[in-house]
Amino acid sequence: SAGGNRYERADPEADARAITRHGLTTALPAALDRGEFFIEYQPLVHLGDGTVHGAEALVRWCHPQHGVLGPDRFIPLAEHTGLIVPLGRWVLDEAVRQARFWKHRHADGGPLRINVNLSPTQLHHPGLVGDITDVLDRSGLAPGALCLEVTESALIGADEDLLKPLRQLAEMGVDIALDDFGTGYSNLANLRRLPVSVLKLDRSFTRGMQQHPADPVDMKIVEGIVSLAHSLELAVTVEGVETAAQAEQLRALGCDTAQGWYYARPGAPDRIHSLVLADAV
Ligand code: C2E
Ligand code: CA
Ligand code: CA
Ligand code: CA
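Residues numbered from 1 in each chain as written. Chains lettered and ligands numbered in written order. Predicted model: local features only at pLDDT ≥ 70, side-chain atom pairs only at ≥ 80, totals over all residues. Heavy atoms only, no water.

1. Describing the nonpolar core
Note the cut-off: Nonpolar cores were defined as sets of buried Ala, Val, Leu, Ile, Met, Phe, Trp, Tyr and Cys residues, with membership established by side-chain atoms within 4.5 Å. Only protein chains enter the accessibility calculation, which uses a 1.4 Å probe. A residue is then buried if its area is under 20% of the maximum for its type, exposed if over 50%, and partly exposed in between. A run of H or I in DSSP becomes a helix once it reaches four residues, and a run of E becomes a strand once it reaches two; helices and strands are each numbered from the N terminus. We call two residues in contact when some of their heavy atoms are within 4.5 Å.
Membership of the largest hydrophobic core comes to 77 residues, with the highest contact counts inside it found for Leu146, Leu148 and Leu155. Tallying contributions element by element places helix α3 (residues 84-105) first for this core, with 9 residues. Dropping the residues within four chain positions of it, Leu155 is found in contact with Leu123, Val150, Leu162, Leu163, Leu166, Leu178 and Leu194.

2. So, the pairing of strand β7 (residues 198-201)
Formally: Note on pairing: DSSP must find at least two bridges between two strands before they are called paired.
Residue alternation in β7 divides its side chains into two sets, Val198 and Lys200 and Leu199 and Leu201, and both sets are buried. Note that strand β6 (residues 175-181) and β7 share 3 bridges and pair parallel. Considered in β7, the bridge of Ala177 is made with Val198. Two strands pair when backbone bridges link them, and β7 and strand β8 (residues 235-238) are joined in this way by 4 bridges, in the parallel orientation. Directly across from Leu199, in β8, lies its bridge partner Val236.

3. Quick look at the packing of α3 against helix α5 (residues 128-139)
What counts, and what does not: In this description, a line fitted to the C-alpha atoms serves as the axis of each element, helices being fitted only across the stretch in contact, and the angle between N-to-C directions of two axes falls anywhere from 0 to 180 degrees. Comment on the angle field: the value is read as roughly parallel under 35 degrees, roughly antiparallel over 145, roughly perpendicular from 65 to 115, and oblique elsewhere. Handedness of a crossing follows from how the near helix is turned relative to the far one, being left-handed for an anticlockwise turn of less than a right angle and right-handed for a clockwise one.
Two elements in contact, α3 and α5, have axes separated by 10 Å at closest approach and are oriented at 30 degrees. Here α3 lies roughly parallel to α5, going by the angle between them. In this structure, the crossing between α3 and α5 has a hand that is right-handed. Note on element contacts: α5 touches α3 through Asp131, Ile132, Val135, Leu136, Arg138 and Ser139, opposite Arg89, Leu92, Asp93, Val96 and Arg100.

4. Looking at empty space enclosed by the protein
Over the atoms rolls a probe the size of a water molecule, and its path tells where empty space is left. Note the cut-off: Cavities and pockets are found on a 1 Å grid laid over the protein atoms alone: a cavity is a set of points where a 1.4 Å probe fits but cannot escape, a pocket is an open set with protein on both sides within 12 Å along at least five of seven lines, and a lining residue has an atom within 4 Å of such a point. Grid points are joined across faces, edges and corners, and a volume is the space filled by probe spheres set on the points. Three categories are distinguished: nonpolar for Ala, Val, Leu, Ile, Met, Phe, Trp, Tyr, Cys and Pro, charged for Asp, Glu, Lys and Arg, and polar for the others, with Gly belonging to the last.
Tallied over the entire structure, the rule returns 2 cavities of 30 Å³ or more. Approximately 90 Å³ is the volume attributed to the largest cavity. Around the largest cavity sit Val85, Gly88, Arg89, Leu92, Val116, Leu118, Gln122, His125, Leu128, Asp131 and Ile132, which together line it. Of all elements in the fold, only α3, β4 (113-118) and α5 reach the threshold of two or more residues within the lining of the largest cavity. Take the lining of the largest cavity: its biggest share by element is 4 residues, from α3. Here the lining of the largest cavity is built from residues that sort into 6 nonpolar, 3 polar and 2 charged.

5. Quick notes on the coordination of the calcium ion (ligand 2)
Here is the rule: With water omitted from the atoms examined, metal sites may look incomplete; donors here are N, O and S atoms no farther than 2.8 Å from the metal, or 3.2 Å in the case of Na, K and Ca.
Looking at the metal site, the calcium ion (ligand 2) is ligated by Glu56 (OE), Asn117 (OD1), Glu149 (OE) and Asp179 (OD), spaced 2.1 to 2.3 Å from it. In the primary sequence, the donor residues of the calcium ion (ligand 2) line up as E-x60-N-x31-E-x29-D. Between the calcium ion (ligand 2) and the calcium ion (ligand 3), the interatomic distance is 4.0 Å, and Asp179 donates to each metal, bridging them. With Asn117 in strand β4 and Asp179 in strand β6, this pair connects stretches of sequence that are 62 residues apart. By relative accessible area, Asn117 is classed as partly exposed at 29%.

6. Things to note about the pairing of β8
Worth spelling out the cut-off: Looking down the strands as they point away from you, a crossover is right-handed if its path from the first strand over the helix to the second goes clockwise.
One ladder, built from 2 bridges, connects β8 with strand β9 (residues 257-258); its direction is parallel. Bridging from a neighbouring strand, Val238 pairs with Ala258 of β9. This β-α-β element, β8 to helix α10 (residues 244-252) to β9, shows right-handed connectivity.

7. Regarding the pattern of salt bridges
To keep it simple, the criterion reads: A carboxyl oxygen of Asp or Glu within 4 Å of a side-chain nitrogen of Lys or Arg is what we treat as a salt bridge.
This structure, assessed with the given rule, holds 12 salt bridges. Across the salt bridge formed by Arg34 and Glu36, the nearest N and O atoms sit 2.8 Å from each other. Through salt bridges with shared partners, one network takes in Asp93, Glu94, Arg97 and Arg138.

8. A short note on the layout of surface pockets
Each pocket or cavity is described by its volume, and for the largest pocket that value is around 1,200 Å³. What lines the largest pocket is a set of 41 residues, and nearest its centre among them are Glu56, Leu58, Pro71, Asp72 and Asn117. Of all the secondary-structure elements, those providing two or more residues to the lining of the largest pocket are β2 (52-63), α2 (71-81), α3, β4, α4 (120-124), β5 (146-151), β6 and α8 (203-207). Taken together, the residues of the lining of the largest pocket sort by class into 14 nonpolar, 14 polar and 13 charged.

9. Side note on the packing of aromatic side chains
How we decide: Between the rings of Phe, Tyr and Trp (Trp by its six-membered ring), a pair exists once the centres lie within 6.5 Å; its type follows the angle of the planes, with under 30 degrees stacked, over 60 edge-to-face, and the other angles tilted. Cation placement over rings: the criterion is NZ of Lys or CZ of Arg within 6 Å of the ring centroid and within 35° of the ring normal.
Going through the model one piece at a time under the given rule, you end up with 5 aromatic pairs. Consider the rings of Phe37 and Phe74, whose centres lie 5.5 Å apart with planes at 50 degrees: the pair is tilted. A residue pair is termed long-range when its members are at least 10 positions apart, and Phe37 in strand β1 (residues 37-46) and Phe74 in helix α2 qualify at 37 residues. An identical accessibility class is assigned to Phe37 and Phe74; each is buried. Here Tyr41 and Trp102 contribute two aromatic rings whose centre-to-centre distance is 5.1 Å and whose plane-to-plane angle is 80 degrees, an arrangement assigned as edge-to-face. One end of the pair, Tyr41, is in strand β1; the other, Trp102, is in helix α3, and 61 residues separate them in sequence. A relative accessible area of 2% places Trp102 in the buried class. Here the aromatic cluster, defined as three or more aromatic residues joined through ring pairs, consists of Phe37, Trp61 and Phe74. For the cation-ring pair, Arg265 lies above Trp261, with the distance from its terminal atom to the ring centre recorded as 3.7 Å.

In structure tokens form, the structure reads like this:
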């Protein structure tokens with residue numbers, strides 16, 4: 001009910017959760033060694049014709065005692081301890097190899113793209129550009145097929161030191177998306193100096209489109225953001241599309257691509273493969 005695909009316990013178990021948090025933190029490094037993490041993929045579709053544009057990699061932890069944990073349960077802990085750097089490297093490697101595999105299996109070599117989330121700690125890590133270059137070289141995936149998602153809040157007030165690696169990656173042809181856009185109160189004029197090519201509009205805006213009729217203020221805001229983005233030559237992706245009505249509204253407002261339960265929940269990589277095959281017939 002909290003949304004965001006979270007696997008949380010109810011509040012009365014807050015104590016247990018605090019203990020679990022400590023337990024989870026200490027278990028993280030061994031979990032990576034033991035291969036307890038796995039990735040689910042959620043398709044991104046073109047709003048125009050509903051065909052698959054790519055997929056976002058979303059990490060999960062198959063914990064031996066607690067079952068499958070969503071990223072909201074452990075990414076903040078991994079951020080805090082620095083384990084996010086090797087974990088993020090693993091996610092990137094796995095997702096890029098998966099994308100390469102999809103490309104192999106589709107005879108037409110369709111333009112399937114892979115989106116990977118980067119946390120603030122990864123952004124600050126000096127090895128970032130080298131890691132990404134290595135992963136792309138090893139897999140043979142074209143840089144243009146990779147999109148790195150960075151949250152708007154991670155880039156608020158970012159100085160040139162922080163932007164430099166992102167600029168380098170953008171110059172290599174990697175796309176950078178501004179994730180959760182609209183929640184960070186960033187200066188819109190700032191967008192011009194960020195090396196981003198995609199705005200990912202936060203789910204909170206999509207929610208206003210679910211009502212009948214759609215929330216007129218949300219509609220105006222989305223319309224404004226889309227027109228600003230397009231004038232800066234940025235593509236607009238919307239997240240959290242759960243109904244056909246939402247999809248239609250967002251398409252009419254000029255959004256380019258969409259992601260959400262209406263199309264597919266995050267799932268095993270085979271699911272993406274069958275969705276792409278379904279487009280091809
Ligand atoms: P995000 O990047 O904003 O990812 C979108 C979240 O919305 C995902 O939650 C997804 O499952 C969920 N979602 C997708 N469609 C719908 C929908 O139609 N309705 C609703 N209510 N929710 C939808 P998830 O998988 O729990 O991931 C949560 C967050 O964890 C992500 O938010 C991202 O910030 C972070 N995360 C996930 N994987 C990674 C990773 O590999 N590295 C890092 N650094 N962060 C990650
Ligand atoms: Ca994301
Ligand atoms: Ca997001
Ligand atoms: Ca989010």
